[in-house]
Structure formats: C-alpha cells, structure tokens
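Each chain is listed here by its residues.
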Amino acid sequence: MNKVGDFEELRPLLFSIAYRILGSVSEAEDAVQETWLRFDGSTTLPTSVKAFLSATVTRLSIDVLRSARVRREAYVGPWFPEPLLSDPYQDPARSAELADSVSMAALLLLERLSPLERSVFVLREVFGFGFDDIASAVERSEAACRQLLVRARRHMAAGRPRFEADRRERQELATRFFDALREGDVAGLRDLLAADVQMVGDGGGKAPQLARAIIGSENVARLLASVFPLLARIDVTFEPREVNGQPGAICRDRDGKVLHALALEVLDGQIQTIRSVINPDKLGHLGPVADAWAIDEEVKQARRQMK
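1. A short note on the packing of helix 3 (residues 49–73) against helix 7 (residues 131–138)
Now for step 1: Axis separation between helix 3 and helix 7 bottoms out at 8 Å; the angle between their running directions is 45°. The angle between helix 3 and helix 7 places the two elements in the oblique class. Relative to helix 7, helix 3 is oriented so that their crossing is right-handed. Here helix 3 contributes Ala51, Ala55, Thr58, Arg59 and Ile62 to the contact with helix 7, which in turn contributes Asp133, Ser136, Ala137 and Val138.
Now for step 2: Among the residues making up the contact of helix 3 with helix 7, the classes are represented as five nonpolar, two polar and two charged.

Here's what the structure looks like:
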C-alpha cells in the first residue's frame, strides 16, 4: 500500500468533509493533517482506505466542533464560516449537492444541528456515504444514524436556502452589482436588491463592523453607495471571485492585502443577503491581511475631505 499516494488522492474529499462540518478552513486543514498522522502511524491495513480516512477526519471534526461551539457562543457579533474560494473536491454526480452545501447560507443553517446530526447529514446528503460507513464514522448504530438524519433533514428543511440554478445569470447580476458599487449608483444598486435584503458583517470584535444588520433595499443601497466610492479613493480594490460557491469578491488594500471577503446570496434574480467577513482571523488563508482599523480611519478622513 502506498500510504502517501492513497492519502493525497483522498485529501480533497477529506478537506471538503471537514470544512462542511467545521465551517473553518484552518480547522479543516488541521483535521486533515491529524488524519494523515493517524493513518501514517497505523500498523493495520484498513479494508477500505477511503472509509478509514473519512471516518477518522469525521471523528476529529466532531471533537473540534464540540469545543468550537463554546467559543462561538461567546463570539462578538454575527459568526460566519471562513470564506472558501474553491472546493478542492469535485464529483460530477453530486455537483448540485456539493455546490449547495458549501454556501454561506447552508453552512449557517448547519450550525443549527448537533455535531452528530451535522456529520451524518454531510456524509449522507452531500457525499452520499452508505449508512454502514456513516455508522462507523460517528460510532453509532445504523438505526441511530437514520434517526439523526431524519432530525437533521427536518431542521434543514425549515430554512433551507434555494439558489438560482443559472450560474451565468448569477454572475451577470454580480457584475452589475459591483459596477454600481464602484460608481456609487444608488438607483442601480437598489434595482438589484430584494426589498427585504440584509447586509451583515462578521468582524468578531477584531475589525470595524456594522453595529447591526442593515435591512431593506433603500438602506443597503445608500450605505453601499456612500462607503465604497470612498474605499476606491484610498485605492481599495475588488477582485470578483466565487465565494463559497456563490458570487462574491475579495476586497484588497493598496498593497494587495486582504481587507474582507464579500458573498452575495441570490434568489429570483435579486440579491437577498450580502455577507462580509472582515475578521482578520478568518482571512489569513487568503493571503496577507490588511489593517482594517487603519483603512477605516482613512475612509473617515476621505469623507471629511469631501465635505
């Protein structure tokens, strides 16, 4: 058995499982690395390497999630997953499940589940594992896993997001949105936003963030149109990117450092939710992180100069 080769072939799957359970790129990468150490140190030959590694990374992720729950309860402001720019695991047979399950909205919905429910749901609904392998992974009986899945489905169905099927249409809408954003076009922005659109930021108390969610197309359009042209004046740029499988962008300062990640939730041809992740602890995997507080001061100075 070529352990290194077998592991590297399955690494994308292992990361994708861990990320959906944890909502954290850094924690998922740690879980995958620990899975390798356990696999490398094992003296027994598993019947199925895929089943063994998937079970190991799932158990490790469950343990991490249980401790993370305590930290998230004390989190300052809204908590969002760490932005993911590309999912390393691809399976044409399950492309719809994979794309839907990695969105910010779906990951936030998964937060409602217990660690066991979340793991069973991810393994079964997203990756199509059999109940025998799921039972081994979460160390419960197959009957218990079926019950966990029933509860998880019920919770998810209560608020499960539905996205536009046409990816090109979503991207065209996002292009129009960012064009209007750069121009400070209130009317143009308003036309693209749902009447009850919400704009929410995750700074974790470590970066400037909205004191509360901004709700309504008029309020959101006016706020965006007032702030983003000021950012452009101090050479902040937007790099359109797919963020968690949805249209979005990476915002960078004049030195190319990451200021925040923006994700758009699109439904029925309009933007329903705008989520911004600006907590520096959640951006390090995207590259060097900008000083958001310094940028905030520059924006305030630019606004004073315009008066």
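That covers the picture; the talk isn't over yet.
2. Considering the side chain of Thr273
Now for step 1: Looking at where Thr273 falls in the secondary structure, it is placed in strand 6 (residues 270–277).
Now for step 2: Owing to a relative accessible area of 11%, Thr273 belongs among the buried residues under this scheme.
Now for step 3: For Thr273, the contacting residues outside a window of four places in its chain are Val197, Gln198, Ala263, Leu264 and Glu265.

3. Concerning the packing of helix 3 against helix 6 (residues 115–126)
Now for step 1: Where helix 3 meets helix 6, the closest approach of the two axes is 9 Å, and the angle between their N-to-C directions is 135°. Comparing their axes, helix 6 and helix 3 come out oblique. Of the two elements, helix 3 crosses helix 6, and the hand of that crossing is right-handed. Contact residues: Thr58, Ile62, Leu65, Arg66, Arg69 and Arg72 in helix 3; Pro115, Leu116, Arg118, Ser119 and Leu123 in helix 6.
Now for step 2: Per-class residue counts for the contact of helix 3 with helix 6 are five nonpolar, two polar and four charged.

4. Observations concerning the sheet that holds strand 5 (residues 258–267)
Now for step 1: Taken together, six strands build an open sheet; the order of strands is 2-1-6-5-4-3 and the sheet is mixed. Of all the strands in the sheet, just strand 2 (214–215) and strand 3 (237–243) have a single pairing partner and so form its edges.
Now for step 2: For strand 1 (residues 193–202) and strand 2, the ladder comprises two bridges, and the chain directions are antiparallel. Paired with Gln198 across the bridge in strand 2 is Ile215.
Now for step 3: Here helix 11 (residues 217–233) sits on the sheet in contact with strand 1, strand 2, strand 3 and strand 6, set at roughly 50° to strand 1.

5. Concerning the environment of Arg94
Now for step 1: Position of Arg94 relative to the elements: it lies in the loop between helix 3 and helix 4 (95–101).
Now for step 2: Linking Arg94 and Ser226, residues 132 residues apart in sequence, is a C-alpha distance of 42 Å.
Now for step 3: Ignoring any residue separated from it by four or fewer positions in sequence, one finds Arg94 in contact with Arg124, Glu125, Val126, Phe127 and Gly128.
Now for step 4: Within polar-contact distance, the side chain of Arg94 engages the backbone oxygen of Glu125 at 2.9 Å.

6. Some points on the nonpolar core
Now for step 1: Core analysis: the largest hydrophobic core is formed by 48 residues, its most contacted members being Ile17, Tyr19 and Phe127.
Now for step 2: Every element with two or more residues in this core is listed here: helix 1 (3–22), helix 2 (25–41), helix 3, helix 5 (104–110), helix 6, helix 7 and helix 8 (142–159).
Now for step 3: Looking at this core, the element that brings in the most residues is helix 1, giving ten residues.
Now for step 4: Discounting chain neighbours no more than four positions away, the residues touching Phe127 are Leu13, Ser16, Ile17, Arg20, Tyr89, Arg94, Leu98 and Val122.
Now for step 5: Listed in part, the 38 residues of the second largest apolar core include Leu192, Ile234, Cys251 and Leu259.

So, how was this worked out
- Residues numbered from 1 in each chain as written.
- Predicted model: local features only at pLDDT ≥ 70, side-chain atom pairs only at ≥ 80, totals over all residues.
- Heavy atoms only, no water.
- Axes fitted to C-alpha atoms, helices over the stretch in contact; angles between N-to-C directions.
- Helix = DSSP H or I, 4+ residues; strand = E, 2+ residues; numbered from the N terminus.
- Parallel < 35°, antiparallel > 145°, perpendicular 65-115°, else oblique.
- Left-handed = near helix turned anticlockwise from the far one by under 90°.
- Contact = heavy atoms within 4.5 Å.
- Nonpolar A, V, L, I, M, F, W, Y, C, P; charged D, E, K, R; others polar.
- Buried < 20%, exposed > 50% of the residue type's maximum accessible area, 1.4 Å probe, protein only.
- Pairing = 2+ DSSP bridges.
- Polar contact = N/O pair within 3.5 Å; in protein donor to acceptor, adjacent residues only side chain to side chain.
- Core = buried A, V, L, I, M, F, W, Y, C linked by side-chain atoms within 4.5 Å.

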